[in-house]
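Overview (structure and organization)
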Amino acid sequence: LPVILLLTLQFSMGDELKRGNRDGPSEALRLSAQERIEDYAVLHQSIMDPKNNEIEKKFLILQPRLGMGNSQIEEVTALAIAMETNRALVIDLLDRSVGMGVPWYAPFSVYDRRILRNESKGGGGSGSSALRLDMSKEALARVYSGGGDIAIVPEERSHLYAQFNEFVGCANWSASLKDPLIGSPGRFMGYLPALLNRYHAASINASFGHYLFHFLSSLLHRPAGKVRRRLKKLARRWIHPANCSVGIHVRWGLPDDHFFYVDHARPD
């Protein structure tokens, strides 16, 4: 079932994109996505506010386990689930290192997760203000002290790289995730099946169309100012004077890399 879902979605999305939208999302869709993101930013900030006791404190905690690219996909998927279930997303970067403790993820400091909110929306006030999304586990510790176990997002471990497809593509997330603390170890939680989920696809498509990753990744992975300034210097030196630019994706590894992809409780 997870594989069939993914193949069906790939073909349907491919046909849809071939019919049009080659230039990206429409202006109406951009505004819809911005409004949905603004609303979620307000909710997230309210949940993470230790002084706000009027809102239900519910969290989705993601601990990405794969490389940078796959982790970004997992984070986008988790954010979509958090939006649909009115939860604050927490990204736990604990123990993500290789070799001599060198991190293989991008720390929070390299991202700019601020949302510029239009204060005039709805007729109240004018101008704009910035909402900052703090998704760190330290922020969670400041607001939640209830203790207790963390419920885990359902998965089928036998379906490598598709173990979350049945949940993401078929389940009613709100009905399935009832505990205040929900966690997932990642291991590739892909967002594509969500676009065919009978409980959530209408809401997601209304806000983001087929550009869910486009919009949510732009929120989660927008470079911070210090990163952009460094990139501008590199661009001025190497890219702007050039007639063209070429992107190279380098995959590297050690002979024992397979260690990280083996279920050690069931090595067969």
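Residues numbered from 1 in each chain as written. Predicted model: local features only at pLDDT ≥ 70, side-chain atom pairs only at ≥ 80, totals over all residues. Heavy atoms only, no water.

To continue, consider the packing of aromatic side chains. Evaluated as defined, the whole model comprises 3 aromatic pairs. Residues Tyr191 and Phe213 carry aromatic rings whose centres are separated by 5.7 Å and whose planes lie at 20 degrees to one another, so their mutual orientation is stacked. Within this pair, whereas Tyr191 is found in the loop between β8 (181–184) and α7 (201–208), its partner Phe213 is found in helix α8 (residues 212–220), the two being separated by 22 residues in sequence. Arranged with centres 6.1 Å apart and planes meeting at 40 degrees, the rings of Phe208 and Phe215 form a pair that is tilted. Residue classification places Phe215 among the buried residues on the basis of a relative accessible area of 10%. (Phe/Tyr/Trp six-rings, centres within 6.5 Å; stacked < 30°, edge-to-face > 60°. Helix = DSSP H or I, 4+ residues; strand = E, 2+ residues; numbered from the N terminus. Buried < 20%, exposed > 50% of the residue type's maximum accessible area, 1.4 Å probe, protein only.)

Moving on, we get to the pattern of salt bridges. Under the definition given, this model contains 7 salt bridges. Salt-bridge contacts for Asp92 lead to Lys137; the nearest nitrogen and oxygen are separated by 3.3 Å. Of this pair, Asp92 sits in the loop between β2 (88–91) and β3 (97–98) while Lys137 sits in helix α4 (residues 137–143); the two residues are 45 residues apart in sequence, bridging distant segments of the chain. Given the relative accessible area of 32%, Lys137 is considered partly exposed. (Salt bridge = Lys/Arg side-chain N within 4 Å of Asp/Glu carboxyl O.)

Okay, the packing of helix α2 (residues 27–47) against helix α3 (residues 68–85) next. Viewed as axis vectors pointing N to C, α2 and α3 meet at an angle of 75 degrees, and their least axial separation amounts to 11 Å. What the angle tells us is that α2 and α3 run roughly perpendicular. Side by side, α2 and α3 meet where Arg36, Ile37 and Tyr40 of the first sit next to Leu79, Ala82, Met83 and Glu84 of the second. Considering only residue class, the contact of α2 with α3 consists of 5 nonpolar, no polar and 2 charged. (Axes fitted to C-alpha atoms, helices over the stretch in contact; angles between N-to-C directions. Parallel < 35°, antiparallel > 145°, perpendicular 65-115°, else oblique. Contact = heavy atoms within 4.5 Å. Nonpolar A, V, L, I, M, F, W, Y, C, P; charged D, E, K, R; others polar.)

Detail in the predicted coordinates should be disregarded across regions flagged by low pLDDT. Predicted confidence across the chain gives a mean pLDDT of 80, with 75% of residues reaching 70 or more. Note that pLDDT drops below 50 for residues 96–100; the model gives that stretch 11 contacts with residues more than four away or on any other chain. Low pLDDT, under 50, characterises residues 258–262; the predicted model gives this stretch 4 contacts beyond four residues in sequence or across chains. (pLDDT = per-residue confidence, 0-100.)

Turning our eyes to something else, we now look at unusual backbone geometry. Notably, Asn86 is not glycine yet its phi reads approximately 55 degrees, a positive angle. Among the structural elements, Asn86 can be located in the loop between α3 and β2. On the accessibility criterion, Asn86 (44% relative accessible area) is partly exposed.

Before going further, it helps to examine the nonpolar core. Counting 52 residues, the largest nonpolar core has Phe59, Leu79, Leu89, Phe208 and Leu216 as its most contacted members. Leaving out residues up to four positions away in the same chain, Phe208 has contacts with Leu29, Ala33, Arg36, Ile37, Met83, Phe215 and Leu216. (Core = buried A, V, L, I, M, F, W, Y, C linked by side-chain atoms within 4.5 Å.)

Looking at α7, one finds that the buried residues are Ala201, Ile204, Ser207 and Phe208. Taken end-on, α7 shows its buried residues confined to a sector of 145 degrees, consistent with a single buried face. Of the exposed residues in α7, those oriented more than 90 degrees away from the buried face are Ala202 and Ala206. Downstream of α7 by a residue or two, Gly209 has a phi angle that is positive, lying close to 60 degrees. (Arc of directions from axis to C-beta.)

Moving on to the sheet that holds strand β1 (residues 59–62). Sheet strands line up and pair through hydrogen bonds in the backbone, either parallel or antiparallel. Taken in spatial order, the 4 strands make up an open sheet running β2-β1-β8-β7, and their pairing is parallel. What marks the edges here is a single partner per strand, and that holds for β2 and β7 (151–152). Of the pairings in the sheet, the one linking β7 to β8 comprises 2 bridges and is parallel in character. Its bridge partner being in β8, Ala151 is matched across the sheet by Ile182. The sheet contacts of α2 involve β1 and β2, and relative to β2 the element is tilted by about 70 degrees. (Pairing = 2+ DSSP bridges.)

Looking at the element boundaries, Arg198 is found in the loop between β8 and α7. In the structure, Arg198 is positioned 28 residues away from Cys170 in sequence and 7.0 Å away in space, judged by C-alpha atoms. A polar contact of 2.7 Å, which involves the side chain of Arg198, links it to the side chain of Tyr199. (Polar contact = N/O pair within 3.5 Å; in protein donor to acceptor, adjacent residues only side chain to side chain.)

This part covers the environment of Gly190. Considering the arrangement of structural elements, one finds Gly190 in the loop between β8 and α7. In sequence terms Gly190 and Tyr161 are 29 residues apart; their C-alpha atoms lie 8.2 Å from each other. Those residues in contact with Gly190 that lie beyond four places of it in its chain are Ile73, Thr77 and Val168.

Turning our attention to the environment of Asn52. In this fold, Asn52 is placed in the loop between α2 and β1. Those residues in contact with Asn52, other than ones at most four positions away along the chain, are Ser46 and Lys57.

With that out of the way, let us pick up the packing of α2 against α8. With their axes 11 Å apart at the nearest point, α2 and α8 run at an angle of 45 degrees to one another. Taken together, the axes of α2 and α8 lie oblique to each other. The element α2 and its partner α8 pack so that their crossing is right-handed. In this structure, α2 contributes Leu29, Arg30, Ala33 and Ile37 to the contact, and α8 contributes His214, Phe215, Leu216 and Leu219. In the contact of α2 with α8, the residues fall into 6 nonpolar, 1 polar and 1 charged. (Left-handed = near helix turned anticlockwise from the far one by under 90°.)

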